[in-house]
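Residue-level structural notes
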Amino acid sequence: MKYNKFLLLTCLSLLMIACSDDDEKTNTTSATIQFEERELEIKESANLVQIPLVITGETNGTIQIKVTMKENSSNFKLDEDIIITSEYITVPAGVETVNFETRLIVENIEMEMGRYITFEIEEVKGATKGANTTCTLNIEENNLLEGTYTMSGYNVFDMATTQMTVKIEAVEGSDDKLKVDFGYGGTATMEYWESDEPGVYYLEMSAL
């Protein structure tokens with residue numbers, strides 16, 4: 001009798017598994033899925049990044065995709081520097097947009113221009129891949145010199161000292177220039193470079 005009960009429970013379990021598979025019917029239409037953009041700009045300080053994927057065409061079932069890291073510029077390690085929160089994404093019928101999510105731990109004190117990470121749609125079930133099968137995240141470096149400062153100086157004629165508050169911002173796309181706002185309705189460009197001592201920079205600005 002005990003064996004009969006065990007056999008009955010096993011059969012019921014298999015039946016429930018089969019029903020569960022039937023409930024998630026795989027899409028059979030000619031839908032496509034791809035990244036919305038081939039490239040995205042992100043801040044170095046970004047921790048959680050969501051990358052949109054778009055589905056084109058009507059769907060009558062689920063689509064499952066696998067996204068992986070294809071390459072990167074800085075020897076980033078998967079599951080250490082780059083953490084994919086869900087490698088497989090299931091898209092229900094009728095959904096047109098879904099996000100691939102990744103956590104990044106890439107922020108540091110170095111100025112490393114040109115860093116990037118590329119993700120790739122590796123597998124698709126229930127649809128075909130569109131044209132944008134990869135998406136590259138271009139990392140915008142933090143500039144540690146940005147901020148508000150008090151500058152001190154003196155008049156070369158009477159040696160009187162003076163102070164002023166200035167705002168320093170990075171020049172987009174440059175790794176050796178800063179924009180200085182003196183608060184008088186204009187800005188000046190300042191060049192900078194790192195000294196032999198880590199974290200210490202020289203700044204040079206032409207006379208106005």
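Now for a description of the structure that goes with this document.

Parameters and conventions
Residues numbered from 1 in each chain as written. Predicted model: local features only at pLDDT ≥ 70, side-chain atom pairs only at ≥ 80, totals over all residues. Heavy atoms only, no water. Helix = DSSP H or I, 4+ residues; strand = E, 2+ residues; numbered from the N terminus. Buried < 20%, exposed > 50% of the residue type's maximum accessible area, 1.4 Å probe, protein only. Contact = heavy atoms within 4.5 Å. Areas by Shrake-Rupley, 256 points an atom, 1.4 Å probe, with all protein chains shown as cover. Pairing = 2+ DSSP bridges. Patch = residues over 30% accessible without salt bridge, like charges linked within 9 Å, V, L, I, M, F, W, Y side chains within 5 Å. Salt bridge = Lys/Arg side-chain N within 4 Å of Asp/Glu carboxyl O. Polar contact = N/O pair within 3.5 Å; in protein donor to acceptor, adjacent residues only side chain to side chain. Axes fitted to C-alpha atoms, helices over the stretch in contact; angles between N-to-C directions.

Another aspect to go through is the overall build of the protein. Helices and strands together make up the secondary structure of the protein, namely one helix and 15 strands. Every one of the 208 residues in the protein was classed for burial, and the buried ones make up 29%. If you take every contact in the protein between residues at least 6 apart in sequence, the share linking residues at least 24 apart comes to 57%. Carbon and sulfur atoms make up 51% of the accessible area of the protein, which amounts to about 13,900 Å² in all.

As a further point, take the sheet that holds strand S5 (residues 82-84). Spatially, five strands are ordered S5-S7-S3-S1-S9 in an open sheet, and the strand pairing comes out mixed. Two strands close off the open sheet at either side, each with one partner strand: S5 and strand S9 (128-129). With seven bridges joining them, strand S3 (residues 48-56) and strand S7 (residues 97-104) adopt antiparallel strand pairing. Bridging across to S7, Ile51 finds its partner in Phe100.

Another point: a nonpolar patch on the surface. On the surface, Tyr154, Val156, Phe157 and Met159 cluster together into a nonpolar patch covering about 550 Å² of accessible area. Structurally, the position occupied by Phe157 is in the loop between strand S11 (147-154) and strand S12 (161-170). Exposure remark for Phe157: the relative accessible area of 79% places this residue in the exposed category.

Before going further, it helps to examine the pairing of S12. As paired strands, S11 and S12 are joined by eight bridges and run antiparallel to one another. For Tyr149, the partnering residue across the bridge sits in S12 and is Val166. Between the end of S11 and the start of S12, which pair antiparallel, lie six residues, with Met159 showing a positive phi angle near 65 degrees. Where S12 and strand S13 (residues 177-181) come together, four bridges link them in antiparallel fashion.

A separate point is the pairing of strand S6 (residues 88-91). Successive residues of a regular strand alternate their side chains across the two faces of the sheet. A one-sided burial pattern is seen for S6, the buried positions being Ile89 and Val91 and the unburied ones Tyr88 and Thr90. Of the strand pairs in this sheet, strand S4 (residues 63-72) and S6 are connected by four bridges, and their pairing is antiparallel. Note that in S6 the partner of Lys66 across the bridge is Tyr88.

This paragraph deals with the side chain of Glu141. Here Glu141 lies in the loop between strand S10 (134-140) and S11. Here the side chain of Glu141 touches Glu112 through a polar contact of 3.3 Å, landing on its backbone nitrogen.

Attention now moves to the sheet that holds S10. Reading across from one edge, S2-S10-S8-S4-S6 is the order of the five strands in this open sheet, with mixed pairing throughout. The open sheet is flanked by strand S2 (39-43) and S6, the only strands paired with a single partner. The average undirected angle you get between the axes of adjacent strands in this sheet is 30 degrees.

Moving on, we get to the pattern of salt bridges. This structure, assessed with the given rule, holds five salt bridges. The salt bridge involving Lys43 is made with Glu140; its shortest N-O contact spans 3.4 Å. Taken together, the residues span a long stretch of sequence, with Lys43 in strand S2 and Glu140 in strand S10 at a distance of 97 residues. Under the relative-accessibility criterion, Glu140 is labelled partly exposed at 31%. One salt bridge in this structure joins Glu44 and Arg115, with 3.1 Å as the shortest N-O distance. With Glu44 in the loop between S2 and S3 and Arg115 in the loop between S7 and strand S8 (116-125), this residue pair connects regions lying 71 residues apart in the sequence. Residue Arg115 is classed as buried on the basis of its relative accessible area, which comes to 4%. Linked through salt bridges whose partners overlap, the residues forming this network are Glu44, Glu112, Arg115 and Glu141.

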